[in-house]
Each structure stands twice: as structure tokens, then as C-alpha cells.
Amino acid sequence: MKKLVALLLTTVMAMTMLTACGAKEETAAPATEDATVSAALADGVLTVGTNAEFPPFEYMGDDGQPDGFDMALVKAIGEKLGVEVKIENMEFASLVTSIGSKIDIAAAGMTVTEERKQTVDFTDTYYEAVQYVILPVDSEIKAAADLEGKTIGVQLGTTGDFIASDIADTTVSQYNKAVDAVNDLINGRVDCVIIDKNPALVFEGKFEGQVVAVDGAQFEFEIENYAMALPKGDTVLAEQINQAIADLKADGTFDELVKTYIEAE
Ligand code: ARG
């Protein structure tokens, strides 16, 4: 009898321990609280905002879907992170304020600026740029002082827009689509267009013989750097995307994309 009681006691004790252990395991961090996964990616989808009016970084492909360097880059990042990438095409000026609601991040040849940093965080920079000046072939505009008092076409809310607005006595014509600014340059409605280097070179090729793209260094414009914009404070997402970019640089994918999309232009 004593033996039986002892046996029963050990069994009960063992069972209690088991339940205790089991309960402990259940409270162990569920996937959603995993500190290595950003909340933005918890649904398995990275929603990327862009403005597909900025070749070669983003433009509408023949299939009606946004294509270009940034689009290929975010898709490669999505593959590294094991999430689906969904692209939302919208106005450039709406991107920053849509982060954290409509979109998770923005990939849009976006220049890192102190002003934008008040609202969003940025990934590591991935491309260097400078503003260019697109001019009619017969233009007399040659240096910074020649831009004073001129009518300047820009894409709304871009760094080109900010630079043009800072030049004395200018009339700034803001367009939602950069190509409309270039069309108005050809029509004589604006004296020049200020836009990033690579799109300027694409437009110069597209409207060959009508316009020339001049390096902004000649107008004392400063170097700019592109990065993707992220929700403010999501350091986990920043970490994940920066790691993916670093991996894509290390395995040669990044350089391949530069060759395919930017240097082939
Ligand atoms: N780099 C400039 C800026 O950040 C222009 C970017 C325009 N990008 C676009 N996808 N439309 O303001």
C-alpha cells in the first residue's frame, strides 16, 4: 500500500511538471511577436509605393505594370525576405505621407533630404544622382545666373521643384508627370526643366535633336543620394532591407540590375 501511494505521488508530480512545462512552452513568443520580423511584413506582403514617371528607375512597362530599376530591386529584396511584393503606383508628392498607411515603403528614386527625414526613415543609400537642366538645343542658358527670372518646369514635390523655387524670380511650373514638363519645353511654354540626371538623359534620347540635358554641376547643384523611404522608427524593417541590399550587392545582382536598367539606356 505504501508503495502504491508513493507511485501515485510520483505520477502526480510528474504530470504536474509536464503540464507546467507545456504551459510554459505555450507562452513562448508567438510568430507575431518575433522581434526579427517587422510588423509591416507580418502579412507576408511588402507594399511598395512608386511613381512610374521616372525612367529608368520606374516607368510603365508594355504590360501596363510599373517596371524599371527600382521595381526590379524591390522584387529582388522581396525574394531575399521571402515576402510577396505589391506595387502601388501613385503621385510622387503623395508617397511620403502614404507610408505606414497605404504603403509599407516607397521606392521612387527618392533623394534623402532633411525635410523628408522629419516624416520618414530611409534605408542605406543605393544610388548617387544630381539634378540636370534640360534645355532647348538653341537655349542661351549656360550657368546658374542665367536661370534667374526664368520659367522652369519640374515634377511636383521633387528636389528639382525645391531647387527651382529657390532661384531668384523664377516662375515654377509644376507637373505631375515629368514628360509633360519636357513636352512644354518643346512647345516653348517653359525655358528649361530641372530633373534628376538619369531621367534627363532618357528624355534627351527620346527627344533627340530638340533638347539637350546639361550636368547640374555647371549650375552648382549638389550631389543627391537615393534611398527607399520607410515608416519612421521601424528599425527592424530598415535592418532587413539594408541586409537584403547588402546581400544583393555582394552576390552581383545589384550590379546586374544597374547594367540592365541604367547603363543600357
Ligand atoms: N530624386 C528626386 C526627389 O527625390 C525626384 C524623384 C522622382 N521620382 C519619381 N519616381 N517620380 O525628389
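Residues numbered from 1 in each chain as written. Predicted model: local features only at pLDDT ≥ 70, side-chain atom pairs only at ≥ 80, totals over all residues. Heavy atoms only, no water.

Q: Would you mind showing me how to read the sheet that holds strand β10 (residues 151-155) here?
A: Within a sheet, neighbouring strands are paired by backbone hydrogen bonds and run either parallel or antiparallel to one another. In space, the 5 strands of this open sheet follow the order β11-β10-β12-β9-β13, with mixed pairing throughout. Of all strands in the sheet, those bounded by a partner on one side alone are β11 (171-175) and β13 (211-215). Between one strand axis and the next, the sheet turns by 30 degrees as a mean value, whatever way the strands run. Summarising the sheet, strand β9 (residues 131-136) and strand β12 (residues 192-196) pair through 4 bridges and their orientation is antiparallel. (Pairing = 2+ DSSP bridges. Helix = DSSP H or I, 4+ residues; strand = E, 2+ residues; numbered from the N terminus. Axes fitted to C-alpha atoms, helices over the stretch in contact; angles between N-to-C directions.)

Q: Teacher, can you tell me more about the pattern of salt bridges here?
A: Any two side chains of opposite charge can pair if their charged atoms end up close together. A complete count under the given rule lists 6 salt bridges for this structure. For K86, the salt bridge is made with E88, and the minimal N-O distance between the two is 3.9 Å. Look at K86 and you get partly exposed, because its relative accessible area is 40%. The exposure class of E88 is partly exposed, given its relative accessible area of 29%. (Salt bridge = Lys/Arg side-chain N within 4 Å of Asp/Glu carboxyl O. Buried < 20%, exposed > 50% of the residue type's maximum accessible area, 1.4 Å probe, protein only.)

Q: I'm lost on the side chain of D70 in this one. Help?
A: With respect to the secondary-structure elements, D70 resides in helix α2 (residues 69-81). For D70, which is buried and forms no salt bridge, the nearest opposite charge comes from R116, at a distance of 11 Å. Each residue touching D70, except ones within four places of it in the same chain, is listed here: F57, E58, A107, A108, G109 and Y126. (Lys, Arg positive; Asp, Glu negative; His and termini not counted. Contact = heavy atoms within 4.5 Å.)

Q: Got a minute to help me understand the sheet that holds strand β4 (residues 66-67) in this structure?
A: One open sheet accounts for 3 strands, arranged β2-β3-β4; its pairing is antiparallel. Edge strands, defined here as strands with exactly one partner in the open sheet, are β2 (53-54) and β4. As paired strands, strand β3 (residues 58-60) and β4 are joined by 2 bridges and run antiparallel to one another. Counterpart to M60 in the pairing with β4 is P66.

Q: So what exactly am I meant to see when it comes to the packing of α2 against helix α8 (residues 235-250) here?
A: In a pair of packed helices, the angle between the axes and the distance between the axes together describe the arrangement. At a minimum axis distance of 9 Å, the contact between α2 and α8 shows a crossing angle of 105 degrees. By the criterion of interaxial angle, the relationship of α2 to α8 is roughly perpendicular. Residues L73, A76, I77, K80 and L81 of α2 pack against Q240, I241, A244, I245, D247 and L248 of α8. Its residues assigned to classes, the contact of α2 with α8 comprises 8 nonpolar, 1 polar and 2 charged. (Parallel < 35°, antiparallel > 145°, perpendicular 65-115°, else oblique. Nonpolar A, V, L, I, M, F, W, Y, C, P; charged D, E, K, R; others polar.)

Q: For this particular structure, what's the right way to read helix α6 (residues 178-186)?
A: Because each turn of an α-helix spans 3.6 residues, side chains separated by three or four positions end up pointing in the same direction. For α6, every residue scored as buried is listed here: A178, V179, A181, V182, D184 and L185. Looking one or two places after α6, you find G188, whose phi comes out positive at around 85 degrees.

Q: Honestly, the packing of aromatic side chains in this entry has me stumped. Any pointers?
A: What characterises a pair of aromatic rings is the spacing of the ring centres plus the angle enclosed by the ring planes. Taken as a whole and judged by the stated rule, the model has 10 aromatic pairs. Among the aromatic side chains, those forming a connected cluster through ring pairs are F54, F57, F69, Y126, Y127, Y226 and F254. Taking NZ or CZ as reference, K249 lies 4.8 Å from the ring centre of F254, over its face. (Phe/Tyr/Trp six-rings, centres within 6.5 Å; stacked < 30°, edge-to-face > 60°. Lys NZ or Arg CZ within 6 Å of the ring centre and 35° of its normal.)

Q: Is there a simple way to think about the nonpolar core in this case?
A: For soluble globular proteins, the rule of thumb is that nonpolar side chains tend to be buried together. Membership of the largest hydrophobic core comes to 63 residues, with the highest contact counts inside it found for F69, L73, I105 and I134. By residue number, the principal contributor to this core is α2, which donates 7 residues. Contact partners of F69, with chain neighbours within four places excluded, come to P56, F57, Y126, F254, L257, V258, Y261 and I262. M90, F92, A106 and A229 belong to the second-largest nonpolar core, a separate cluster that totals 13 residues. (Core = buried A, V, L, I, M, F, W, Y, C linked by side-chain atoms within 4.5 Å.)

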